[in-house]
Amino acid sequence: QVRLEETGGGLVQPGGSLRLSCAASGIIFRSAIMGWYRQAPGNERELVARITRGGTPVYADSVKGRFTISRDNAKNTVYLQMNSLEPEDTAVYYCNVVPVGFGWGQGTQVTVSS
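Caption draft 1: Fine view of the sheet that holds strand E10 (residues 108–112). Read from one edge of the open sheet, six strands run E2-E10-E9-E4-E5-E6, paired in mixed fashion. With partners counted over all chains shown, the strands left at the sheet margins are strand E2 (10–12) and strand E6 (57–59), one partner each. Geometrically, the sheet is characterised by an average inter-axis angle of 25° between neighbouring strands, direction not taken into account. For strand E5 (residues 46–51) and E6, the ladder comprises three bridges, and the chain directions are antiparallel. Bridge assignment links Arg50 to a residue of E6, and that residue is Val58.

Caption draft 2: Focus on the state of the cysteines. With the rule as written, the count across this model stands at one disulfide. Two residues share a disulfide in this structure: Cys22 and Cys95, whose sulfurs sit 1.8 Å from each other. What sets the handedness of the Cys22 and Cys95 disulfide is the S-S torsion sign, and at about 45° it is right-handed. Taken together, the residues Cys22 in strand E3 (residues 18–25) and Cys95 in strand E9 (residues 91–97) connect sequence positions 73 residues apart. Look at Cys22 and you get buried, because its relative accessible area is 0%. Classification of Cys95 as buried rests on a relative accessible area of 0%.

Caption draft 3: Region of the structure containing the side chain of Thr108. If you trace the backbone, Thr108 turns up in strand E10. The exposure class assigned to Thr108 is buried, which follows from its relative accessible area of 8%. In terms of polar contacts, Thr108 uses its side chain to reach the backbone amide nitrogen of Gly9, at 3.0 Å. Beyond its immediate chain neighbours, meaning those up to four positions away, Thr108 contacts Glu6, Thr7, Gly8, Gly9, Leu20, Ala91, Val92 and Tyr93.

Caption draft 4: Local environment of the nonpolar core. Core analysis: the largest hydrophobic core is formed by 28 residues, its most contacted members being Met34, Trp36, Val78, Leu80, Met82 and Tyr93. Secondary-structure elements contributing two or more residues to this core are E3, strand E4 (34–39), E5, strand E7 (67–72), strand E8 (77–82), E9 and E10. Apart from residues lying up to four places away in sequence, Met82 is in contact with Gly16, Ser17, Leu18, Leu20, Arg66, Phe67, Tyr93 and Val110.

Caption draft 5: Seen up close, the pattern of salt bridges. For the structure on display, the rule yields four salt bridges. Of the charged contacts, one joins Glu46 and Arg38 as a salt bridge, the two residues approaching to 2.9 Å between their closest N and O atoms. As a salt-bridge pair, Arg38 and Asp89 come within 3.0 Å of each other at their nearest N and O atoms. Taken together, the residues span a long stretch of sequence, with Arg38 in strand E4 and Asp89 in the loop between E8 and E9 at a distance of 51 residues. Exposure remark for Asp89: the relative accessible area of 0% places this residue in the buried category. The network of salt bridges with common partners includes Arg38, Glu46, Arg66 and Asp89.

Thresholds, definitions, all that
Residues numbered from 1 in each chain as written. Predicted model: local features only at pLDDT ≥ 70, side-chain atom pairs only at ≥ 80, totals over all residues. Heavy atoms only, no water. Pairing = 2+ DSSP bridges. Helix = DSSP H or I, 4+ residues; strand = E, 2+ residues; numbered from the N terminus. Axes fitted to C-alpha atoms, helices over the stretch in contact; angles between N-to-C directions. Disulfide = S-S within 2.5 Å. Buried < 20%, exposed > 50% of the residue type's maximum accessible area, 1.4 Å probe, protein only. Polar contact = N/O pair within 3.5 Å; in protein donor to acceptor, adjacent residues only side chain to side chain. Contact = heavy atoms within 4.5 Å. Core = buried A, V, L, I, M, F, W, Y, C linked by side-chain atoms within 4.5 Å. Salt bridge = Lys/Arg side-chain N within 4 Å of Asp/Glu carboxyl O.

As structure tokens, this is what we get:
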């Protein structure tokens, strides 16, 4: 019944931008703390950004000043605006509640390369 569907990934040049979207269903979205996670080859999955019920964001140090998380409770959707992308940002990006309470979706691939 729970669905987490990530979209918006792709291939971009260093310094470029992408906007990821995550549509959620089967949960009370407005009551959930939502987060974006990523997993790069050879690394464990890490939380890069989270946003509270009231819209307060918290970011990992690696993405501060470059990424912006937002949510639209009316659309049950959380977004991740990624600017000034670097090759180290290459990873599969996933959304989920924080703390993790559901299985992982397919994620969306972000590749930053020249």
